Amino acid sequence: MSFFKSLVLAIVATLFLTYVLGTSLLDLFDVDVYMGDELIEPLKAISFAALTAVVLVIVAMAIVLTVFGSILFVGLLVVGALGLAAIGVFWPVLVVAFIIWLVMRDDKRSVHS
């Protein structure tokens, strides 16, 4: 399953569970949510809480992916720098080895009958 498909499924599951459990808890405990002097409907109160939770999850994932991405990027930069430094130091040896290989290789070709 791809990452974004899993992310969408997790968001949908979070919204569904928050709605089902939230409305049940609001009805069970007979809780009313007020904003100022105005009574907010339970569906609006739960949907606001669910959307806030989803936004927080997305922000947390962005932070985690940014940190992982940065660590991966720095790691690849270090490996690339070491590889290029090794080639820079040993390129004369590699050229001589390639020339020796070109001179010493067998030019005999087998003839299939």
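Since the structure is predicted, the reported quantities are computational estimates derived from the model, not experimental observations.

Student: What am I meant to see in the overall build of the chain here?
Tutor: When helices and strands are tallied, the chain shows two helices and two strands. Ordered by position from N to C terminus, the α and β elements of the chain give α-β-β-α. Looking at the chain as a whole, 8% of its 113 residues qualify as buried. Roughly 9900 Å² of accessible area belongs to the chain as shown, and the carbon and sulfur atoms make up 77% of that amount.

Student: What is the right way to look at the packing of aromatic side chains in this model?
Tutor: The geometry of two aromatic rings is summed up by the distance between their centres and the angle between their planes. Within this structure, the stated rule accounts for one aromatic pair. Positioned over the ring face of tryptophan 101 is arginine 105, at 5.6 Å from the centre of the ring.

Student: Got a minute to help me understand the UniProt feature "transmembrane region" (unreviewed entry) in the chain in this structure?
Tutor: Under the UniProt annotation, "transmembrane region" (unreviewed entry) lies at residues 46-68 and 75-104. Taken end to end, residues 75-104 is 100% helix and 0% strand, and its first and last C-alpha atoms sit 39 Å apart.

Basis of the calculations
Residues numbered from 1 in each chain as written. Predicted model: local features only at pLDDT ≥ 70, side-chain atom pairs only at ≥ 80, totals over all residues. Heavy atoms only, no water. Helix = DSSP H or I, 4+ residues; strand = E, 2+ residues; numbered from the N terminus. Buried < 20%, exposed > 50% of the residue type's maximum accessible area, 1.4 Å probe, protein only. Areas by Shrake-Rupley, 256 points an atom, 1.4 Å probe, with all protein chains shown as cover. Phe/Tyr/Trp six-rings, centres within 6.5 Å; stacked < 30°, edge-to-face > 60°. Lys NZ or Arg CZ within 6 Å of the ring centre and 35° of its normal. UniProt positions renumbered as here; feature names shortened; annotations may be inferred.

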